[in-house]
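# Coordinate analysis (summary)
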Amino acid sequence: MPKQIAVFTGGGTGGHIYPNLALIPDFIEAGFAPVYIGGSGDTQEKRLAKENQIPYFAVDTVKFSRALSLDAIKNNLTIFTTLSKGIKEAKSVLENLSPKFVFSKGGYVSLPVVIAARRLNIPVFAHESDMSLGLANRIAKLYGATVLKGNPLSSFEGLEAGIPLRKELFSSSKQQARKTLGIQDANLAKKKVLLVLGGSSGAQTFNDFVRCKMCDLTSKYFVLHITGKGKNAKLFHENYMCFDYADNIGDFYAASDIVLSRAGATAVFEITALKKRAVFVPLPKGTSRGDQIFNAELAKEHGAVVTPQIEDEKTLFDNILLSIDKAAKNPPTTPVSSDTNGKIVKLVCDRLAT
């Protein structure tokens with residue numbers, strides 16, 4: 001009997017892609033054949049789908065810009081036309097595939113697929129990681145999607161599900177990961193490994209922090225620094241290694257003792273699931289929707305150290321350094337949730353059966 005097709009959509013950032021990739025093996029095990037629908041062009045979701053040998057279809061998408069610049073206004077004026085085209089493209093793909101359901105991780109990339117699916121009466125499940133619904137998931141809810149919420153403290157209505165975690169995050173041992181990354185035993189004498197995690201787009205604050213506090217950091221820690229693509233710090237020290245991007249993020253996590261990270265929902269769930277000592281510096285409201293502040297508070301309840309982002313750079317960098325030292329002495333964090341992947345597969349299958 002042919003497998004039923006499950007369509008996954010979402011993109012723009014890793015937080016909209018990696019949870020989908022984490023879930024796909026579990027849905028394959030449950031008897032579904034995965035297909036990914038994302039943006040056109042050289043997108044991150046296309047690259048990752050291809051790397052994971054998942055069939056990929058592209059549709060036109062456009063991101064709403066909250067800026068007040070002329071370029072932002074011009075971009076937003078194209079939204080209706082581009083979205084309409086993307087919906088037609090998504091409808092054509094879905095009609096050919098006849099999927100059992102669509103699983104959306106949100107982000108502007110998902111919107112044409114979600115709207116097209118609902119017009120074709122295909123069940124849609126929209127997963128939200130943050131405390132509040134993002135714009136795409138708010139629209140998905142209006143179109144009748146079943147909402148799954150990742151954060152147990154979220155106030156919007158939805159089925160509590162947690163955030164899917166990639167199994168490969170748990171596959172490396174500390175010793176093997178350090179060997180893979182090329183960390184020499186001589187560099188680790190009386191030093192813990194600090195992972196500075198800038199994310200796929202990089203966190204300029206963290207890059208500037210490492211540059212400013214290089215001597216302090218390397219005197220106490222061996223530093224693994226992920227800068228973001230095209231943002232190489234061009235710093236050199238025997239107790240420092242710099243990377244643009246981490247495709248094998250599981251090795252970086254496994255090799256580290258302490259993690260410095262922004263407080264994106266996926267990062268919080270991954271780092272606490274791995275029981276890492278952690279420092280989270282959430283993006284402030286205005287720079288983002290403010291959800292990272294709530295994510296960080298959740299992480300704090302599970303043993304992480306939280307350092308608020310402030311404008312005074314010198315004070316901020318001093319605070320981050322003190323927080324890292326504090327985290328180094330703290331017990332490891334505890335997981336926010338467990339068996340999330342299995343819970344989500346069961347929720348989806350149960351809903352489809354009713």
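Model, not experiment: these values are computed from the prediction. Residue positions within a chain follow its written sequence, with the count starting from 1. A pLDDT threshold of at least 70 governs which residues receive local features in this predicted model, and a stricter bar of 80 or more applies before side-chain atom pairs are shown or counted, although totals over entire chains, interfaces and linings include all residues. Side-chain numbers come from the whole structure's heavy atoms, not from hydrogens or water.

## Section: the sheet that holds strand 10 (residues 240-243)
Our working definition: Here a strand pair is declared whenever DSSP counts at least two bridges between the two strands. The numbering of helices and of strands both runs from the N terminus, where a helix is a DSSP run of H or I of at least 4 residues and a strand a run of E of at least 2.
If you walk across this open sheet you meet the six strands as 10-9-8-11-12-13, and the pairing is parallel. Of all the strands in the sheet, just strand 10 and strand 13 (305-306) have a single pairing partner and so form its edges. Pairing geometry for strand 9 (residues 221-226) and strand 10, over four bridges, is parallel. Looking at the pairing, H225 lines up with C242 of strand 10.

## Things to note about the layout of surface pockets
Operational definition: A cavity, in this analysis, means grid points on a 1 Å lattice covering only the protein atoms where a 1.4 Å probe fits yet has no way out; a pocket is instead an open set bounded by protein on both sides within 12 Å along at least five of seven lines, and a residue lines either one if it has an atom within 4 Å of a point. Grid points are joined across faces, edges and corners, and a volume is the space filled by probe spheres set on the points. Under the grouping applied here, Gly and all other residues not named as nonpolar or charged are polar, the nonpolar ones being Ala, Val, Leu, Ile, Met, Phe, Trp, Tyr, Cys and Pro and the charged ones Asp, Glu, Lys and Arg.
The calculated volume of the second largest pocket comes to roughly 300 Å³. The wall of the second largest pocket is formed by 19 residues, among which Y18, L21, N52, R166 and E168 lie closest to the centre. Secondary-structure elements contributing two or more residues to the lining of the second largest pocket are helix 1 (18-29), helix 2 (44-51) and helix 10 (249-255). Per element, the largest residue contribution to the lining of the second largest pocket is five residues, and it comes from helix 1. For the lining of the second largest pocket, the residue count by class is nine nonpolar, five polar and five charged.

## Looking at the pairing of strand 1 (residues 4-9)
Worth spelling out the cut-off: Consider the strands pointing away from the viewer: the crossover is right-handed when the path from the first strand over the helix to the second runs clockwise.
Looking at chain direction, strand 1 and strand 2 (residues 32-39) are connected through six bridges and run parallel. Note on strand 2: the bridge partner recorded for Q4 is F32. With helix 1 bridging strand 1 and the parallel strand 2, this β-α-β connection has right-handed handedness.

## Focus: the sheet that holds strand 1
With parallel pairing, the seven strands of this open sheet are ordered in space as 3-2-1-4-5-6-7. Every other strand in the sheet has two partners, leaving strand 3 (56-59) and strand 7 (159-160) as the edge strands with one partner each. The pairing of strand 2 with strand 3 spans four bridges and is parallel. Opposite I37, over in strand 3, you have F57 as the bridge partner.

## Some words on the packing of helix 1 against helix 14 (residues 340-353)
As a reminder, the rule being used: Whenever a helix is involved, its axis is fitted only over the stretch in contact; in every case the axis is a line through C-alpha atoms, and angles between N-to-C directions fall within 0 to 180 degrees. To sort the angles, those under 35 degrees are grouped as roughly parallel, those over 145 as roughly antiparallel, those from 65 to 115 as roughly perpendicular, and the leftovers as oblique. Helix crossings are classified by the rotation of the near helix relative to the far one: an anticlockwise turn of less than a right angle makes the crossing left-handed, while a clockwise turn makes it right-handed. By definition, residues are in contact when any of their heavy atoms lie within 4.5 Å.
Contact geometry for helix 1 and helix 14: axes closest at 10 Å, N-to-C directions at 60°. With respect to helix 14, the element helix 1 is oriented oblique. The crossing of helix 1 and helix 14 is right-handed. Where helix 1 approaches helix 14, its residues A22, L23, D26 and F27 are matched on the opposing element by N341, I344, V345 and V348. Looking at the contact of helix 1 with helix 14 residue by residue, the class counts come to six nonpolar, one polar and one charged.

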